[in-house]
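Coordinate inspection notes
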Amino acid sequence: GESVGLHLPTLSVQEGDNSIINCAYSNSASDYFIWYKQESGKGPQFIIDIRSNMDKRQGQRVTVLLNKTVKHLSLQIAATQPGDSAVYFCAEASYGNKLVFGAGTILRVKS
Amino acid sequence: GAVVSQHPSRVICKSGTSVKIECRSLDFQATTMFWYRQFPKKSLMLMATSNEGSKATYEQGVEKDKFLINHASLTLSTLTVTSAHPEDSSFYICSARDGGGRAEAFFGQGTRLTVV
């Protein structure tokens, strides 16, 4: 079946460095992608989204890149802070359909 | 952003009893709500999709008689775990999508269920 997966289960970065979290998806029909942040014991928190007609979108300290040719999605966090430590999930959907979540990447920020 | 409130955040129940979890959209009308289950260090597993006023659509392998879902209004959906057993212990999370049809869904804070 269709799936969304992640390359790296755990990422450790030094405080102040940039973080890059990667995600591969397999459903070529997906036209909407979202990155979520989940802290321990809490529900996922929306970070940023991107539609398939775009290849880059920027938010505050975060950038999402979409490469439809290789079905790859990435989340870049600039100047990573200890508060960024969490599990990050990518999710994909097509209009009106359910979200499919990737496996998740644990981001650890070292001070 | 839109706010989704889930209650309770934690619940402990005895084996064989039923537990109800509520999911409310506080500042928007949620035509669609989703219920997920999450095991430790794992991703979210979609259990079912509920649309207001109609029966929920369950994912393959999810027992609909075990996990009763009701979406009686545009702001409230409930998940009832019936005859709970220790293996039902998990983190349950709801999300809601507004009637505008955006794919983005907003999540509740989750419910930690422990069955003893």
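Look up a bit, the structure's there.
To start, this report covers the structure provided alongside it.

Tallied over the entire structure, the rule returns 7 salt bridges over all chains. Members of the salt-bridge network, linked through shared partners, are Lys-37, Glu-39 and Lys-42 of chain A.

This next bit is on the sheet that holds strand S1 (residues 4-7) of chain B. Residues and elements named next belong to chain B. Reading across the sheet, the 4 strands line up as S1-S3-S8-S7 and stay open at both edges, with antiparallel pairing between neighbours. The outermost strands of the open sheet, each flanked by one partner alone, are S1 and strand S7 (67-73). Taken over all neighbouring pairs, the strand axes of this sheet differ in orientation by 15 degrees on average, direction set aside. Relative to strand S8 (residues 76-81), S7 runs antiparallel, the two being bridged by 5 bridges. Looking across to S8, one finds that Ser-73 is bridged to Leu-76.

Attention now moves to unusual backbone geometry. For the bond running from His-7 of chain B to Pro-8 of chain B, omega is 0 degrees, close enough to zero to count as cis. When you line up the elements, Pro-8 of chain B lands in the loop between S1 and strand S2 (10-13). With a phi angle near 65 degrees, Arg-61 of chain A is a residue other than glycine that sits in the positive phi range. Along the chain, Arg-61 of chain A falls in the loop between strand S6 (56-58) and strand S7 (62-67).

Let's shift gears to the interface of chain B and chain A. Taken together, the 20 residues of chain B in the interface contact 20 residues of chain A. When chain B packs against chain A, close to 1,500 Å² is buried across both sides, 55% of that on carbon and sulfur atoms. Joining chain B to chain A, the criterion identifies 1 salt bridge. Between Lys-98 of chain A and Glu-59 of chain B there is a salt bridge; the shortest N-O distance is 2.9 Å. The tally of links between chain B and chain A comes to 4 residue pairs in polar contact (both at pLDDT 80 or more).

Parameters at a glance
Residues numbered from 1 in each chain as written. Chains lettered and ligands numbered in written order. Predicted model: local features only at pLDDT ≥ 70, side-chain atom pairs only at ≥ 80, totals over all residues. Heavy atoms only, no water. Salt bridge = Lys/Arg side-chain N within 4 Å of Asp/Glu carboxyl O. Pairing = 2+ DSSP bridges. Helix = DSSP H or I, 4+ residues; strand = E, 2+ residues; numbered from the N terminus. Axes fitted to C-alpha atoms, helices over the stretch in contact; angles between N-to-C directions. Contact = heavy atoms within 4.5 Å. Buried area = accessible area lost by both parts, 1.4 Å probe. Polar contact = N/O pair within 3.5 Å; in protein donor to acceptor, adjacent residues only side chain to side chain.

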